[in-house]
Amino acid sequence: MVLTIKAQKFEGLAPKPPMGWNSWNKFGCQINEKIIKEVADAMASNGMKAAGYEYIVVDDCWQIGRDSVGNIVADPERFPSGMKSLVDYVHSKGLKFGIYSDAGTATCQGRPGSRGYEFQDARAYAKWEVDYLKYDWCFHGKQNSEASYSIMRDALYKAGRPMVLSICEWGTTKPWEWGKSVGHLWRTTEDIINCFDCKNNWGGLGVLQIIDLHTEIGDYSGPDHWNDPDMLEIGNGVLTPAEERLHLSMWAMFSAPLMAGNDIRNISAETLKLLTNKEVLDIDQDILGISATRWMKYGDLEIWFKPLSDNNYAFCLINRSNQSIAINQDLKTTIKKLKVDDSYVVRDLWKHKDIGTTKENITGIIPAHDVLMLKLTKK
Ligand code: GAL
């Protein structure tokens, strides 16, 4: 009798949005094993690992070609010790290792893609004990996205090592509609670029532009199948502290994967404090995994809410404008269907301070490009 195993997604690998670091935003192609090891050292010891960051993801440009039988080959100049040794090093720090490939014939930087080599590549990653694969979408020609990503899902399953599959086709074929049975997260938009409010012709969106694309797709996201609004630009020298707060707050409101994208070997105390704000990270990692809804837009002021476990809620009031905005907001009746009564304590998650209860209106000033992030906890 022949027993065939039906290939499927490895279920249950991302019950909460994955957290970690990815090389692309800061280093682009300029990566090597020394940088990756130093980043792993930093993450393991600077408080990020303790705050929940666990994946070290090596993005494009680690690979250089294929050998005579088609095995993927790491760039020997940049990764002289080979990928297995690098994975072992990352594991020795108590962290997990992520790798990058592409569903087309080449990666976005022209390195070998996995098209036609899916099973062989999946076996290589499994042999190296990789934990996470980010799978891109350049040079895909006329390939069908769902079919292409499903091949890699099946290849990973057959290779036998549980790996998170991160779908990166930039939202072009609505992966939120088909990705749940294929991968654990899917990029929802074009690449993030390092700015608050801007857009690039070649494809690239600022923080606000990405937020705007998440008003309708929140319901598709949930445990083990997350919307991914791309990696963080916090600590990369362009966003102001207010803009960085708003960026992290809204990613947490979306239950987004949180992949730091800065040089954490040389992280400033302020950036570290921001990235490890436990009260904000707890909103991202809330076990219900519900993505926020935009409830109100009054000009440049937006109010988003997110239901949390234990009948609690998170609220974000964001100020998109260049001027401060005064607020006087009744959170209780703002959202009638939430049935928020008088008995909630309102806490400011950036000031780490209780600021009142739902009996009274919330008043104050939100500076330009800043956020008021609140947690409502039932007494
Ligand atoms: C893009 C992807 C980026 C990065 C880059 C590498 O397609 O969206 O996150 O991986 O390719 O070339």
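Residues numbered from 1 in each chain as written. Predicted model: local features only at pLDDT ≥ 70, side-chain atom pairs only at ≥ 80, totals over all residues. Heavy atoms only, no water.

### Some remarks on the sheet that holds strand S5 (residues 96–102)
Thought 1: Spatially, the eight strands line up as an open sheet ordered S9-S8-S7-S6-S5-S2-S1-S10, and their pairing is parallel. At either end of the open sheet lies a strand with only one pairing partner, and these are strand S9 (226–228) and strand S10 (258–260). Ignoring which end each strand starts from, the neighbouring axes of this sheet average 25° apart.
Thought 2: Judged from the five bridges that link them, S5 and strand S6 (residues 132–136) form a sheet pairing that is parallel. Opposite Asp 102, over in S6, you have Asp 136 as the bridge partner.
Thought 3: Its contacts with the sheet put helix H5 (residues 118–128) on S5 and S6, and the angle it makes with S5 is roughly 165°. (Pairing = 2+ DSSP bridges. Helix = DSSP H or I, 4+ residues; strand = E, 2+ residues; numbered from the N terminus. Axes fitted to C-alpha atoms, helices over the stretch in contact; angles between N-to-C directions. Contact = heavy atoms within 4.5 Å.)

### Structural notes on the nonpolar core
Thought 1: Trp 62, Tyr 125, Trp 128, Met 250 and Trp 251 are the most contacted members of the largest nonpolar core, which totals 86 residues.
Thought 2: Each of two domains, domain 1 (19–284) and domain 2 (293–378), supplies a minimum of three residues to this core.
Thought 3: Those residues in contact with Trp 251 that sit more than four places away from it in its chain are Ile 192, Val 207, Ile 210, Ile 211, Pro 229, Asp 230, Leu 232, Ala 256, Pro 257, Leu 258 and Asp 284. (Core = buried A, V, L, I, M, F, W, Y, C linked by side-chain atoms within 4.5 Å. Buried < 20%, exposed > 50% of the residue type's maximum accessible area, 1.4 Å probe, protein only. Domains from an automatic or database assignment.)

### Digging into helix H9 (residues 241–253)
Thought 1: Here H9 is 13 residues long and its end C-alpha atoms lie 18 Å apart, about the 18 Å a rise of 1.5 Å per residue gives.
Thought 2: Here H9 lies mainly inside the structure; eleven of its 13 residues are buried.
Thought 3: Among the residues of H9, those classed as buried are Ala 242, Glu 243, Glu 244, Leu 246, His 247, Leu 248, Ser 249, Met 250, Trp 251, Ala 252 and Met 253.
Thought 4: Backbone geometry just downstream of H9 places Ser 255 in the positive-phi region, at approximately 50°. (Expected span 1.5 Å × (residues − 1).)

### Observations concerning the site of the ligand
Thought 1: Residues in close proximity to the ligand total 13 residues, the closest being Asp 59, Asp 60, Lys 134, Asp 136 and Asp 191.
Thought 2: Note that an oxygen atom of the ligand is positioned 2.7 Å from one of the side-chain N or O atoms of Lys 134.
Thought 3: Separating an oxygen atom of the ligand from a side-chain N or O atom of Asp 191 is a distance of 2.5 Å.
Thought 4: Expressed as a share of its isolated accessible area of 310 Å², the protein-covered part of the ligand is 96%.
Thought 5: Split into classes, the residues belonging to the shell around the ligand amount to six nonpolar, one polar and six charged. (Near = heavy atom within 4 Å. Polar contact = N/O pair within 3.5 Å; in protein donor to acceptor, adjacent residues only side chain to side chain. Areas by Shrake-Rupley, 256 points an atom, 1.4 Å probe, with all protein chains shown as cover. Nonpolar A, V, L, I, M, F, W, Y, C, P; charged D, E, K, R; others polar.)

### Points about the domain arrangement of the protein
Thought 1: Splitting the protein by domain gives domain 1 (19–284) and domain 2 (293–378).
Thought 2: Averaged C-alpha coordinates put domain 1 and domain 2 at centres separated by 31 Å.
Thought 3: Buried surface at the junction of domain 1 and domain 2, summed over both partners, amounts to about 2,000 Å²; 66% is from carbon and sulfur atoms.
Thought 4: When residues of domain 1 are sorted by the area they lose upon contact with domain 2, Met 253, Glu 279 and Ile 283 head the list and together hold 32% of the total.
Thought 5: The tally of links between domain 1 and domain 2 comes to three salt bridges.
Thought 6: Across the pair Arg 320 and Asp 212 runs a salt bridge, and its minimum N-O distance is 2.8 Å.
Thought 7: Applying the counting criterion to the domain 1 and domain 2 interface returns ten residue pairs in polar contact (both at pLDDT 80 or more).
Thought 8: At the level of elements, helix H8 (207–212), H9 and helix H11 (278–284) are the ones that each hand at least two residues to the side of domain 1 that touches domain 2.
Thought 9: Per-element accounting of the side of domain 1 that touches domain 2 gives the leading share, nine residues, to H9.
Thought 10: Each residue belonging to the side of domain 1 that touches domain 2 can be placed in one class, and the counts come to 13 nonpolar, five polar and five charged. (Buried area = accessible area lost by both parts, 1.4 Å probe. Salt bridge = Lys/Arg side-chain N within 4 Å of Asp/Glu carboxyl O.)

### Quick look at the side chain of Gln 285
Thought 1: Examined against the element boundaries, Gln 285 turns out to sit in the loop between H11 and strand S11 (293–298).
Thought 2: A polar contact of 2.9 Å, which involves the side chain of Gln 285, links it to the backbone oxygen of Pro 17.
Thought 3: When sequence neighbours within four positions are dropped, the list of residues in contact with Gln 285 reads Lys 16, Pro 17 and Met 19.

### Quick word on the packing of helix H2 (residues 33–45) against helix H4 (residues 82–92)
Thought 1: Two elements in contact, H2 and H4, have axes whose closest approach is 10 Å; the angle formed by their N-to-C orientations is 15°. It follows that H2 is roughly parallel to H4 by the angle criterion. Remark: the crossing between H2 and H4 carries right-handed chirality. On H4, the residues that touch Glu 33, Ile 36, Lys 37, Ala 40 and Asp 41 of H2 are Gly 82, Leu 86, Tyr 89 and Val 90. (Parallel < 35°, antiparallel > 145°, perpendicular 65-115°, else oblique. Left-handed = near helix turned anticlockwise from the far one by under 90°.)

### Details of the packing of aromatic side chains
Thought 1: All chains considered together, the criterion is met by 13 aromatic pairs.
Thought 2: Clustering of aromatic rings is evident, with ring pairs tying together Tyr 135, Trp 137, Tyr 149 and Trp 178.
Thought 3: Its end group placed over the ring of Tyr 89, Lys 37 keeps NZ or CZ at 5.2 Å from the ring centre.
Thought 4: In this arrangement the basic side chain of Arg 66 is found over the ring face of Tyr 117, its NZ or CZ atom lying 3.8 Å from the centre. (Phe/Tyr/Trp six-rings, centres within 6.5 Å; stacked < 30°, edge-to-face > 60°. Lys NZ or Arg CZ within 6 Å of the ring centre and 35° of its normal.)

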